[in-house]
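Reading the structure
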Amino acid sequence: MFKRFRRLRINKNLRDLVRETSLHVEDFIYPLFVKSGEGIKKEIGSMPGVFQMSIDEVLKECKKIQELGLNSILLFGIPAVKDSVGSDALCEHGIIASAIKAIKKDFPDMFVITDVCFCEFTDHGHCGILDMENETVNNDATLEILVKQAVLHAKLGVDMIAPSGMMDGTIEVLREGLDAAGYENLPIMAYSTKFASAYYGPFRDVAESAPSFGDRRSYQMDPANRREAIAESVEDEMQGADILMVKPALAYLDIIREIKDATTTPMAIYNVSGEYAMLKAAGKAGVIDYERVMMETMIAFKRAGADIIISYHAKEVAEILSKK
Ligand code: PBG
Ligand code: ZN
């Protein structure tokens, strides 16, 4: 009888030596939701541990997360006023503009990434300017305001932008616009393969960004399509994306692996709100060992090919890794 596999599992040191995949705090990006106002720290029912915070509270949070060794954050904004074209997103005194300034002033070493999209800023909740005839988002009109939003963030000192709206041609147009404005060194993390997913439900509560009519299926991808998923990321790589992304993550591990093998650009995955909410709920119900299931899930993302993990679990992961 040929015996080989158990020999390497007998001893913890040996298991550590032969482990193929590992997690580091540096792999993680932590999303933060910035709300207009002061003294606001409001927990979201479906996402325990995730808050809408005003800028003063976000600054306190930045201190805490840096102490945990986390140095990258992804900002989403909840403006005081929404309108049909998402004006707050293009205003120097808008919620995200103000947050970038405040964070970079107090935490110059914090790597600040911003969501570049309009769904949190429009009163209809769609990701760009509407084309009323078709009752959908107008691709090219939206590209124009995406460039303005990106250049504004660049001017205020953001470290990387993350366009999430799934408009065709986004990366090419943003790269051109940023270069023309003198921001050749600002990287773009593309939401290159983003599915129209029910796993975003809790996020839309936190970001107050649920579409007021229809859904996002005319711009986000059909979860059933594998070859198109690869083509989307390959296309963004050709257009000049610096980092690719697959979103959601847990139900799309096959897609993560295939895109990893089909491209040579670093890859992020977004462990989205519904994935977080499910583990939290199951942990609370006492049906799983929450910490172990959570860490196993994170390892699965890395094993599938993720270089970078965007996750609401990032703080918990950092704490667990620091105890090891
Ligand atoms: C907006 C955006 C969404 C998420 C990130 N950016 C929601 C959506 O497309 O409806 C989802 C994140 C999450 O569920 O955690 N473009
Ligand atoms: Zn959007």
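Look up a bit, the structure's there.
Notes on the structure follow. (Residues numbered from 1 in each chain as written. Chains lettered and ligands numbered in written order. Predicted model: local features only at pLDDT ≥ 70, side-chain atom pairs only at ≥ 80, totals over all residues. Heavy atoms only, no water.)

**Side note on the packing of aromatic side chains**
All chains considered together, the criterion is met by 8 aromatic pairs. Ring centres 6.2 Å apart and planes at 45° place the aromatic pair Y191 and Y270 in the tilted group. One end of the pair, Y191, is in the loop between helix 5 (170-180) and strand 9 (193-194); the other, Y270, is in strand 11 (residues 267-271), and 79 residues separate them in sequence. By relative accessible area, Y270 is classed as buried at 1%. Between the aromatic rings of Y270 and Y312, the centroid separation amounts to 6.1 Å while the plane-to-plane angle is 45°, which identifies the pairing as tilted. Note that Y270 is positioned in strand 11 and Y312 in the loop between strand 12 (308-311) and helix 11 (314-323), a separation of 42 residues in sequence. Side by side, Y270 and Y312 carry an identical accessibility label, which is buried. (Phe/Tyr/Trp six-rings, centres within 6.5 Å; stacked < 30°, edge-to-face > 60°. Helix = DSSP H or I, 4+ residues; strand = E, 2+ residues; numbered from the N terminus. Buried < 20%, exposed > 50% of the residue type's maximum accessible area, 1.4 Å probe, protein only.)

**So, the coordination of the zinc ion (ligand 2)**
Distances from the zinc ion (ligand 2) to its protein donors, C117 (SG), C119 (SG) and C127 (SG), fall at 2.2 to 2.3 Å. One can describe the site at the zinc ion (ligand 2) as tetrahedral: its 4 donor atoms subtend angles covering 97 to 122° at the metal. Spacing between the donor residues of the zinc ion (ligand 2) along their common chain follows C-x1-C-x7-C. Neither residue differs from the other here; C117 and C119 are each classed as buried. (Donors = N, O, S within 2.8 Å, 3.2 Å for Na, K, Ca; no water. Tetrahedral: all angles 85-135°; square planar, octahedral: opposite > 155°, others 65-115°.)

**Some details on the site of ligand 1**
Near ligand 1 lie 17 residues; those nearest to it are R204, Q220, K247, S273 and Y312. Between ligand 1 and the protein, one listed contact pairs an oxygen atom with a side-chain N or O atom of K194 at 2.8 Å. Note that an oxygen atom of ligand 1 is positioned 2.6 Å from one of the side-chain N or O atoms of R204. For ligand 1, whose unbound accessible area comes to 400 Å², protein coverage reaches 100%. (Near = heavy atom within 4 Å. Polar contact = N/O pair within 3.5 Å; in protein donor to acceptor, adjacent residues only side chain to side chain. Areas by Shrake-Rupley, 256 points an atom, 1.4 Å probe, with all protein chains shown as cover.)

**Regarding empty space enclosed by the protein**
Counted by the stated rule, this structure contains 2 cavities of 30 Å³ or more. Looking at the largest cavity, its volume works out to about 140 Å³. Class assignment for the residues of the lining of the largest cavity results in 9 nonpolar, 4 polar and 6 charged. One number sums up the size of the second largest cavity: a volume of about 50 Å³. Residue lining of the second largest cavity: Y30, P31, L32, F33, G49, V50, F51, M53 and E61, and that is the complete set. Residues that form the lining of the second largest cavity fall into these classes: 7 nonpolar, 1 polar and 1 charged. (1 Å grid on protein atoms, 1.4 Å probe; cavity = no way out; pocket = protein on both sides within 12 Å on 5 of 7 lines; lining within 4 Å. Points joined across faces, edges and corners; volume = space filled by probe spheres on them. Nonpolar A, V, L, I, M, F, W, Y, C, P; charged D, E, K, R; others polar.)

Honestly, that's just the spatial picture; any functional story needs more than this.
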